[in-house]
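Descriptive analysis of the structure
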Amino acid sequence: MTNVSEARLRLLATATRIFYTEGIHAVGIDRIVAEAKVTRATLYRHFASKDDLIVCYLQEADQAIRRQVDDIVARKLPALDTLRAIATYIAEGIRTPGFRGCAFLNAAAEYPDPTHPVHKAVLAHRQWFSRTITEQLARVGSAPAEPAARQFVMLRDGAMATGCLHDPEPICETFLQGVEGLLQLRAA
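Below you will find a few notes about this structure.

What counts and how
Residues numbered from 1 in each chain as written. Predicted model: local features only at pLDDT ≥ 70, side-chain atom pairs only at ≥ 80, totals over all residues. Heavy atoms only, no water. Core = buried A, V, L, I, M, F, W, Y, C linked by side-chain atoms within 4.5 Å. Buried < 20%, exposed > 50% of the residue type's maximum accessible area, 1.4 Å probe, protein only. Helix = DSSP H or I, 4+ residues; strand = E, 2+ residues; numbered from the N terminus. Contact = heavy atoms within 4.5 Å. Phe/Tyr/Trp six-rings, centres within 6.5 Å; stacked < 30°, edge-to-face > 60°. Lys NZ or Arg CZ within 6 Å of the ring centre and 35° of its normal. Axes fitted to C-alpha atoms, helices over the stretch in contact; angles between N-to-C directions. Left-handed = near helix turned anticlockwise from the far one by under 90°. Lys, Arg positive; Asp, Glu negative; His and termini not counted. Salt bridge = Lys/Arg side-chain N within 4 Å of Asp/Glu carboxyl O. Polar contact = N/O pair within 3.5 Å; in protein donor to acceptor, adjacent residues only side chain to side chain. Expected span 1.5 Å × (residues − 1).

Here we take up the nonpolar core. Grouped together as the largest cluster of nonpolar side chains are 61 residues, with contacts concentrated most on Phe-19, Leu-58 and Phe-152. Residue assignment for this core shows that the elements contributing at least two residues are helix 1 (3-22), helix 2 (29-36), helix 4 (50-74), helix 5 (79-94), helix 6 (103-110), helix 7 (117-138), helix 8 (146-162) and helix 9 (168-187).

Inspection of the secondary structure assignment puts Val-69 in helix 4. What makes Val-69 buried here is its relative accessible area of 1%. Measuring from C-alpha to C-alpha, the distance between Val-69 and Val-27 comes to 30 Å, with 42 residues separating the pair along the chain. Setting aside chain neighbours within four positions, we find Val-69 in contact with Ile-86, Tyr-89, Trp-128 and Thr-132.

On inspection of all chains with the given rule, the structure shows four aromatic pairs. The ring of Phe-129 carries Arg-156 above its face, with NZ or CZ at 5.7 Å from the centroid.

This part is about the packing of helix 4 against helix 5. How two helices sit against one another is set out by the angle between their axes and by the gap between those axes. For the pair helix 4 and helix 5, interaxial distance at closest approach is 9 Å and the crossing angle is 150 degrees. Handedness of the crossing formed by helix 4 with helix 5: right-handed. In contact with Ala-64, Ile-65, Gln-68, Val-69, Ile-72 and Val-73 of helix 4, helix 5 contributes Thr-82, Ala-85, Ile-86 and Tyr-89.

The subject of this paragraph is the environment of Gly-98. Note that Gly-98 resides in the loop between helix 5 and helix 6. Relative accessible area serves as the criterion here: at 53%, Gly-98 is assigned to the exposed category.

Within the secondary structure layout, Arg-186 lies in helix 9. Despite its burial, Arg-186 remains without a salt bridge, the nearest opposite charge being carried by Glu-146 at 7.4 Å. A distance of 2.6 Å separates the side chain of Arg-186 from the backbone oxygen of Ala-143, its partner in a polar contact.

Tracing the sequence through the fold places Leu-58 in helix 4. On a C-alpha basis, the gap between Leu-58 and His-125 in space is 8.6 Å, while along the polypeptide they are 67 residues apart. For Leu-58, the contacting residues outside a window of four places in its chain are Ala-103, Phe-104, Ala-107, Val-118, Ala-121 and Val-122.

Residues three or four positions apart in an α-helix share a direction because the helix packs 3.6 residues into each turn. Taking 1.5 Å of rise per residue, the 16 residues of helix 5 would be expected to cover 22 Å, and the 23 Å separating its terminal C-alpha atoms lies within 8% of that figure. Of the surrounding secondary structure, the elements contacted by the buried residues of helix 5 are helix 4, helix 7, helix 8 and helix 9.

Moving on to the pattern of salt bridges. For the structure on display, the rule yields ten salt bridges. Asp-62 serves as the salt-bridge partner of Arg-66, at 2.8 Å between the closest nitrogen and oxygen. Taken as a pair, Arg-66 and Asp-62 lie in helix 4 at a separation of four residues, close to a single helical turn. Its relative accessible area of 22% is what places Arg-66 among the partly exposed residues. You can call Asp-62 buried: its relative accessible area is 8%.

As structure tokens, then:
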């Protein structure tokens, strides 16, 4: 690995940690550069702008989540068990120390303009997640899967939004019960 690649990795790791824990707008480039121990020129060699760095942060988060969900789907479990495993993965994330909500919902709140590259990165992740849930729900029952997928995503969004505000245990329990109820209705 070259020094340039290491510097890029440090920049992205630093930005990821700070953006997630403190918010995107609250963090300036000077702080990221200082904590990553690189120069401003090095930052701009790897990222054209702060927005570019933010989009990369979200894309990295998206890819990490996709890998986890793809691993669950690759197990080729029955659809209901796949959806339960995805819900359990979400709940485990909410229970993680330092959980500060959904990185994508947080970014969307800071970048509400749907034409902004950050907002577009958020929408791309959400569209993938919704499509993945819809595909799994389509394997269960004959009713259209989209309404149930929207309910699953809304349950997830609510759990992610409140999981950092209160004790995550009852929130995760409520989320998992809600998903189970949705799945039982779907299977009936």
